[in-house]
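Below, each chain spelled out in residue letters.
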Amino acid sequence: MAVLEPGTPAPSFTVRTEDGDEFTQDDLRGQTTVLVFYPFAFSPVCADQLSLYQEVLDELQAGGARLYGVSCDSSWSQRAFREQLGVTIPQLSDFEPKGATCRAFGVLHEGGFPERALVITDGDGIVRFSRVEASPGEMPGVNVVFDGLAAV
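Reference entry: report on the structure contained in this document. Just so you know, these numbers come straight off a predicted model, no measurement behind them.

1. Looking at the environment of Val87
Thought 1: Position of Val87 among the secondary structure elements: in the loop between helix 3 (75-85) and strand 5 (91-93).
Thought 2: The exposure class of Val87 is buried, given its relative accessible area of 4%.
Thought 3: Residues Val87 and Phe13, 74 residues apart in the sequence, show an inter-C-alpha distance of 25 Å.
Thought 4: When near neighbours in sequence (up to four residues on either side) are disregarded, Val87 contacts Leu50, Ser51, Gln54 and Arg82.

Right, dumping it as structure tokens:
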């Protein structure tokens, strides 16, 4: 399955916040949302990516966007990862059932972890931008996020 194309409604999904609360497709409504799918907490490229996005988070939020990191790691691992990095980007766990949300968005790698991908939805929960990197080791720069937001 390929990543969801622009114009597609976000699929039905349920993931957990690092506090264990449910986060669903309904939470995408009302604001532009950037879902940052990443392969593994504590991996070097993932750490670099979230740190880079943290540097421009205020600017993104001022423009009306919310960012969320999404991985198949447990909520506890994600919280520890976020705290160790010193970032404030909320994390969403696609741990149980593992990869179900990543699969629904078309970004589950055949190895059972998320591809490195960005999916941006508008306030109605419609995908307006999506991109999967050619390799999980490649990081989309922050310019890609800004370009995607320009499409909303």
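There is more to say after this.
2. Re the nonpolar core
Thought 1: Membership of the largest hydrophobic core comes to 22 residues, with the highest contact counts inside it found for Val34, Tyr53, Leu67, Phe81, Leu118, Val145 and Leu149.
Thought 2: When contributions to this core are tallied by element, the ones reaching two or more residues are strand 3 (32-37), helix 1 (44-55), helix 2 (57-62), strand 4 (65-71), strand 6 (117-121) and helix 5 (142-150).
Thought 3: If near-sequence neighbours (up to four positions away) are discounted, Val34 is found in contact with Ala65, Arg66, Leu67, Tyr68, Leu118, Val119, Ile120, Val145 and Leu149.
Thought 4: Core analysis: the second largest hydrophobic core is formed by 19 residues, Leu4, Phe23, Leu28 and Ala117 among them.

3. Here we look at helix 5
Thought 1: Burial in helix 5 covers these residues: Val142, Val144, Val145, Gly148 and Leu149. Along helix 5, the residues classed as buried sweep out an arc of 155° about the axis, all on the same side. What points out from helix 5, more than 90 degrees from its buried face, is the exposed set Asp147 and Ala150.
Thought 2: Where helix 5 is buried, its residues contact strand 3, helix 1, helix 2, strand 4, strand 6 and strand 7 (127-132).

4. Things to note about the sheet that holds strand 4
Thought 1: Spatially, the 7 strands line up as an open sheet ordered 2-1-5-4-3-6-7, and their pairing is mixed. Unpaired on one side and paired on the other, strand 2 (22-24) and strand 7 mark the two borders of the sheet. Averaged over all pairs of adjacent strands, the angle between their axes in this sheet comes to 30°, without regard to strand direction.
Thought 2: Pairing analysis gives 5 bridges linking strand 6 to strand 7, with the strands arranged antiparallel.

5. So, the packing of aromatic side chains
Thought 1: Applying the stated criterion to the full structure yields 7 aromatic pairs.
Thought 2: Seen from their ring centres, Phe13 and Phe23 are 6.3 Å apart, and the 35° between their planes marks the pair as tilted. Taken together, the residues Phe13 in the segment before strand 1 (14-17) and Phe23 in strand 2 connect sequence positions 10 residues apart.
Thought 3: Using a relative accessible area of 6% as the deciding quantity, one classes Phe13 as buried.
Thought 4: Judged by relative accessible area, Phe23 falls into the buried class, the value being 6%.
Thought 5: Here the aromatic residues Phe13, Phe23, Phe37, Tyr68 and Phe105 are joined through ring pairs into a cluster of three or more.

6. Re the state of the cysteines
Thought 1: What the rule picks out here adds up to 0 disulfides.
Thought 2: In this structure Cys46 is not part of a disulfide, and its nearest cysteine sulfur, from Cys72, lies 11 Å away.
Thought 3: Relative accessible area serves as the criterion here: at 0%, Cys46 is assigned to the buried category.
Thought 4: Here Cys72 stays free of any disulfide, with the sulfur of Cys102 as its closest cysteine sulfur at 4.1 Å.

7. Examining the pairing of strand 4
Thought 1: Of all 7 residues making up strand 4, 7 are buried, and the element is well covered by its neighbours.
Thought 2: Residue alternation in strand 4 divides its side chains into two sets, Ala65, Leu67, Gly69 and Ser71 and Arg66, Tyr68 and Val70, and both sets are buried.
Thought 3: Sheet analysis places strand 3 next to strand 4, joined by 6 bridges and oriented parallel. Its bridge partner lying in strand 4, Leu35 is registered against Tyr68.

Cut-offs applied
- Residues numbered from 1 in each chain as written.
- Predicted model: local features only at pLDDT ≥ 70, side-chain atom pairs only at ≥ 80, totals over all residues.
- Heavy atoms only, no water.
- Helix = DSSP H or I, 4+ residues; strand = E, 2+ residues; numbered from the N terminus.
- Buried < 20%, exposed > 50% of the residue type's maximum accessible area, 1.4 Å probe, protein only.
- Contact = heavy atoms within 4.5 Å.
- Core = buried A, V, L, I, M, F, W, Y, C linked by side-chain atoms within 4.5 Å.
- Arc of directions from axis to C-beta.
- Pairing = 2+ DSSP bridges.
- Axes fitted to C-alpha atoms, helices over the stretch in contact; angles between N-to-C directions.
- Phe/Tyr/Trp six-rings, centres within 6.5 Å; stacked < 30°, edge-to-face > 60°.
- Disulfide = S-S within 2.5 Å.

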